[in-house]
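# Descriptive structure summary
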Amino acid sequence: MGARCSAAAVRWDAGASADVPERGRLVVDAGETSVGIFRIDGALHAYENRCAHAGGPICQGLMVPRVVELLDERRAIIGSAFDETDLNIACPWHGAEYSIRTGRHAGKPAIALRRIPVEEVGGRIYVIA
Ligand code: FES
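On a predicted model such as this, the values are computed, not experimentally measured, just so you know.

Conventions we followed
- Residues numbered from 1 in each chain as written.
- Predicted model: local features only at pLDDT ≥ 70, side-chain atom pairs only at ≥ 80, totals over all residues.
- Heavy atoms only, no water.
- UniProt positions renumbered as here; feature names shortened; annotations may be inferred.
- Helix = DSSP H or I, 4+ residues; strand = E, 2+ residues; numbered from the N terminus.
- Contact = heavy atoms within 4.5 Å.
- Salt bridge = Lys/Arg side-chain N within 4 Å of Asp/Glu carboxyl O.
- Buried < 20%, exposed > 50% of the residue type's maximum accessible area, 1.4 Å probe, protein only.
- Pairing = 2+ DSSP bridges.
- Axes fitted to C-alpha atoms, helices over the stretch in contact; angles between N-to-C directions.
- Phe/Tyr/Trp six-rings, centres within 6.5 Å; stacked < 30°, edge-to-face > 60°.
- Lys NZ or Arg CZ within 6 Å of the ring centre and 35° of its normal.
- pLDDT = per-residue confidence, 0-100.

### Observations concerning the UniProt feature "domain: Rieske" (unreviewed entry) in the protein
- Listed under "domain: Rieske" (unreviewed entry) in the UniProt record, and renumbered for this structure, are residues 12-127.
- A helix fraction of 0% and a strand fraction of 52% characterise residues 12-127, whose end C-alpha atoms lie 5 Å from each other.

### Quick word on the side chain of D83
- Assignment of secondary structure puts D83 in strand β7 (residues 77-90).
- Apart from the residues within four sequence positions on either side, D83 is in contact with P65, R66 and V68.

### Considerations on the pattern of salt bridges
- Applying the stated criterion to the full structure yields nine salt bridges.
- Salt-bridge contacts for D13 lead to R124; the nearest nitrogen and oxygen are separated by 3.0 Å. One end of the pair, D13, is in strand β2 (residues 10-16); the other, R124, is in strand β10 (residues 124-128), with 111 residues separating them in the sequence.
- Given a relative accessible area of 31%, R124 falls into the partly exposed group.

### Examining the sheet that holds strand β4 (residues 33-40)
- The antiparallel open sheet is built from three strands, whose spatial order is β3-β4-β5. Only two strands of the sheet have a single neighbouring strand rather than two, namely β3 (25-30) and β5 (43-48). Strand-to-strand twist in this sheet, taken as the mean axis angle between neighbours without regard to direction, amounts to 25°.

### Some points on the environment of V68
- On the secondary structure map, V68 appears in strand β6 (residues 62-71).
- We classify V68 as partly exposed; its relative accessible area is 22%.
- With residues up to four places along the chain from it excluded, the contact list for V68 reads G79, S80, A81 and D83.

### Focus on the packing of aromatic side chains
- Counted under the stated rule, the structure contains zero aromatic pairs.
- Here the basic side chain of R11 rests over the ring of Y126, its NZ or CZ set 3.8 Å away from the ring centre.

### Digging into the confidence of the model for the protein
- Summary statistics for the protein give a mean pLDDT of 93 and a share of 95% for residues scoring 70 or more.
- Taken element by element, the protein is modelled with least confidence in strand β1 (residues 2-4), mean pLDDT 54, and with most confidence in β5, mean pLDDT 98.

See the structure below:
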């Protein structure tokens, strides 16, 4: 349910803080905008649930550790590995991956998801949309 907090923005009660545990997610409707809320290292990150590629439901995709290339002493690529300290989200439509921390595409940082402001007050999470 939303509550008007200014002439331009509405503050939507998205749920309890416990609904978004560490490395968890919650997808809610804030008016006509679907929003995905994630928690990484305690911080909330929220994005419109709309992939920058073709509008797929990005926030409902698989959450996967970021893949990093392994280099030898000459900086030649010798393999790849998961970076368990960072998470990406993969679009269920065509597989584009975005950093959950930044919203930026994993391979093309100029492409990004639309960040949505959220705040956490008194054990509740609010979307400002
Ligand atoms: S719509 Fe997300 S990768 Fe195409």
